[in-house]
Amino acid sequence: MSDASSVIDDLGRESEELDRLVAGLADSRWALPTPAAGWTVAHQIAHLAWTDRAALLAVTDADAFAVEVEKALASPGTWVDDAAREGAALPSARLLAEWREGRAALDRALRAAPSGTRFPWYGPPMSVASMATGRLMETWAHGQDVADTLGVRRTPTDRLRHVVRIGVRARDFAFAVRGLTAPGEEFRVELAAPTGGDVWVYGPEDAAQRVTGPALDFCLLVTQRAHRADLAVRAEGPDADRWLDIAQAFAGPPGEGRAPKGASGAEGERESR
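Residues numbered from 1 in each chain as written. Predicted model: local features only at pLDDT ≥ 70, side-chain atom pairs only at ≥ 80, totals over all residues. Heavy atoms only, no water.

(A) Fine view of the overall build of the protein chain. Each helix and strand in the protein chain was counted, giving 11 helices and 6 strands. The C-alpha radius of gyration of the protein chain comes to 18 Å, within 12% of the 19 Å expected for a compact globule of 273 residues. With respect to the principal axes defined by its C-alpha atoms, the protein chain has extents near 55 × 45 × 40 Å. The buried share of the protein chain, taken over its 273 residues, is 49%. Within the protein chain, residue pairs in contact and separated by at least 24 positions form 64% of the contacts whose partners lie at least 6 positions apart. Counting every atom, the protein chain has about 12500 Å² of accessible surface; 51% of that belongs to carbon and sulfur. Across the protein chain, the mean location of the 31 positive side-chain charges is 2 Å away from that of the 40 negative side-chain charges. (Helix = DSSP H or I, 4+ residues; strand = E, 2+ residues; numbered from the N terminus. Rg over C-alpha atoms; globule rule 2.2 N^0.38 Å. Buried < 20%, exposed > 50% of the residue type's maximum accessible area, 1.4 Å probe, protein only. Contact = heavy atoms within 4.5 Å. Areas by Shrake-Rupley, 256 points an atom, 1.4 Å probe, with all protein chains shown as cover. Lys, Arg positive; Asp, Glu negative; His and termini not counted. Charge placed at Lys NZ, Arg CZ, Asp CG, Glu CD.)

Set out below in structure tokens:
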């Protein structure tokens, strides 16, 4: 559990950072619209609380989680928004308390899970470390929406390495979910870490297809929190270039992404959450 414990620890820190952003908000600020179309700050926290509950079921009660999957299959276009809307209707103090209770219960369940256990999920089955990584990725991404709404500039941390890892590993999924054949060869990915001057590297050094840039920008790209045109992530090779157009780190159907800065119309669209 050493690797998993590290990710679980970082998930807790990521959640606490977002908690500090919303804990003292007046009710009127919970109702502020975020860059995700139709979602307020309350919707963002409600979504995290709901997904934590789903993850807890997956870890502790596979049969009950299967029921949740059936609900998703019955209304694939609305189930995420419906759950967020239901949670957002709660008083802010109750919503915050439920999110805290749910993530604490999930923390305990993940730490208690035997090594090697795999849990059902909406995509492929998840290990303990993968489940925690997925939750951290979502917490960071939805926290970015909240921070953008509140005008807060977050200092990126090396916790982003988890988001980078899931984004890289989801490469083939991003192609498959769009009905495209994934490239057969590995890509080289070289990303500048937000602290310490390190470079996070994936794939063979001699790969023809390459992706480079700041880790923060890569994370914004794969969580669809910013448009590629507004980021300093670069591709070498046609397959790598295509990947950057469709990359996603989250399970489910393709997201609509965000519009480039200065584009006409809505500031941005939501991803498939």
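Back to the write-up after that little detour.
(B) Molecular detail of the pattern of salt bridges. A full pass over the atoms with the stated rule returns 21 salt bridges. The salt bridge partner of Asp 52 is Arg 135, with a shortest N-O separation of 2.8 Å. Highlighted residues: Asp 52 in helix H3 (residues 41-60) and Arg 135 in helix H7 (residues 128-150), separated in sequence by 83 residues. For Asp 52, a relative accessible area of 5% translates into the label buried. The class of Arg 135 is buried, set by a relative accessible area of 2%. A salt bridge links Arg 188 to Glu 190, with the nearest nitrogen and oxygen atoms 2.9 Å apart. The exposure class of Arg 188 is buried, given its relative accessible area of 12%. Here the salt bridges do not stand alone but share partners, grouping Glu 14, Glu 17, Arg 154 and Arg 159 into one network. (Salt bridge = Lys/Arg side-chain N within 4 Å of Asp/Glu carboxyl O.)

(C) Spotlight on the pairing of strand S5 (residues 210-214). Two strands pair when backbone bridges link them, and strand S3 (residues 188-192) and S5 are joined in this way by 5 bridges, in the parallel orientation. Of the residues in S5, the one forming a bridge with Leu 191 is Gly 213. Relative to strand S6 (residues 234-236), S5 runs antiparallel, the two being bridged by 3 bridges. Across the sheet, residue Thr 212 finds its bridge partner in S6, namely Arg 234. (Pairing = 2+ DSSP bridges.)

(D) Seen up close, H7. Between the first and last C-alpha of H7 there are 33 Å, a value that for 23 residues agrees with the 33 Å anticipated at 1.5 Å per step. In terms of burial, H7 is a largely internal element, 20 of the 23 residues being buried. Remark: Gly 151 follows H7 within two positions and exhibits a positive phi of approximately 70°. (Expected span 1.5 Å × (residues − 1).)

(E) Quick peek at the sheet that holds S6. Taken in spatial order, the 4 strands of this open sheet run S4-S3-S5-S6, and their pairing is mixed. Each of the sheet's edge strands pairs with one partner strand only, and the pair in question is strand S4 (199-202) and S6. Strand after strand, the sheet turns through a mean of 15° between neighbouring axes, direction not considered. Pairing geometry for S3 and S4, over 4 bridges, is antiparallel. Looking across to S4, one finds that Glu 190 is bridged to Val 201. The sheet contacts of helix H10 (residues 215-222) involve S3, S4 and S5, and relative to S5 the element is tilted by about 110°. Here helix H11 (residues 238-246) sits on the sheet in contact with S3, S5 and S6, set at roughly 150° to S6. (Axes fitted to C-alpha atoms, helices over the stretch in contact; angles between N-to-C directions.)

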